[in-house]
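Listed below are the residues making up each chain.
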Amino acid sequence: MNALTVLASAAFGSTLYLTTFSAVSWLNQMASRIRIAGLVVTVMVLCAVIGMIALASLSVTIGFIVGAGMTPPVHRWILQRRSPVAGS
């Protein structure tokens, strides 16, 4: 297993999670028809990406799962500890 491949895949999994989170947050502000169509497209893209990851090597799959699994709790932690900007 290649450690660099695992790290790169973890970064990709993290990026995919954050992109999906932002897209769904944005779609929740839209009208009902647009929201549903956008969510369907988002799910289709996620299924395609996850399918490609599943067909990749073991190190890519492990890295992707680690990145996507670690990002949500870290993201929640970052959002909870927002502090005021210094100098304001």
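Residues numbered from 1 in each chain as written. Predicted model: local features only at pLDDT ≥ 70, side-chain atom pairs only at ≥ 80, totals over all residues. Heavy atoms only, no water.

(A) Spotlight on the packing of aromatic side chains. Tallying each qualifying case throughout the model produces 2 aromatic pairs. Plain terms: the ring middles of Phe12 and Phe64 are 6.1 Å apart, the flat faces sit at 40 degrees to each other, and that makes the pair tilted. On the criterion of sequence distance, the pair formed by Phe12 in helix α1 (residues 3–27) and Phe64 in helix α3 (residues 58–80) is long-range, its members being 52 residues apart. Given the relative accessible area of 10%, Phe64 is considered buried. Their ring planes at 25 degrees and their centres at 6.0 Å tell us that Tyr17 and Phe21 sit as a pair that is stacked. Of this pair, Tyr17 and Phe21 are both found in helix α1, 4 residues apart, which corresponds to roughly one turn of the helix. Overall, Phe21 belongs to the partly exposed group, its relative accessible area being 36%. (Phe/Tyr/Trp six-rings, centres within 6.5 Å; stacked < 30°, edge-to-face > 60°. Helix = DSSP H or I, 4+ residues; strand = E, 2+ residues; numbered from the N terminus. Buried < 20%, exposed > 50% of the residue type's maximum accessible area, 1.4 Å probe, protein only.)

(B) How the structure looks around the environment of Ser25. Inspection of the secondary structure puts Ser25 in helix α1. Spatially, the C-alpha atom of Ser25 lies 23 Å from that of Ala10, the residues being 15 residues apart in sequence.

(C) Representation of the side chain of Thr20 in the model. Along the chain, Thr20 falls in helix α1. On the basis of relative accessibility, which here comes to 18%, the residue Thr20 falls in the buried class. A polar side-chain atom of Thr20 sits 2.8 Å from the main-chain carbonyl oxygen of Leu16. (Polar contact = N/O pair within 3.5 Å; in protein donor to acceptor, adjacent residues only side chain to side chain.)

(D) Examining the packing of α1 against α3 more closely. Running from amino to carboxyl end, α1 crosses α3 at an angle of 45 degrees, the nearest separation of the two axes being 6 Å. The angle between α1 and α3 falls in the class oblique. Pair α1 / α3 crosses with right-handed handedness. In this structure, α1 contributes Thr5, Val6, Ser9, Ala10, Phe12, Gly13, Ser14, Leu16, Tyr17, Leu18 and Phe21 to the contact, and α3 contributes Ser59, Val60, Gly63, Phe64, Gly67, Ala68, Thr71, Pro72 and His75. Class assignment for the residues of the contact of α1 with α3 results in 11 nonpolar, 9 polar and no charged. (Axes fitted to C-alpha atoms, helices over the stretch in contact; angles between N-to-C directions. Parallel < 35°, antiparallel > 145°, perpendicular 65-115°, else oblique. Left-handed = near helix turned anticlockwise from the far one by under 90°. Contact = heavy atoms within 4.5 Å. Nonpolar A, V, L, I, M, F, W, Y, C, P; charged D, E, K, R; others polar.)

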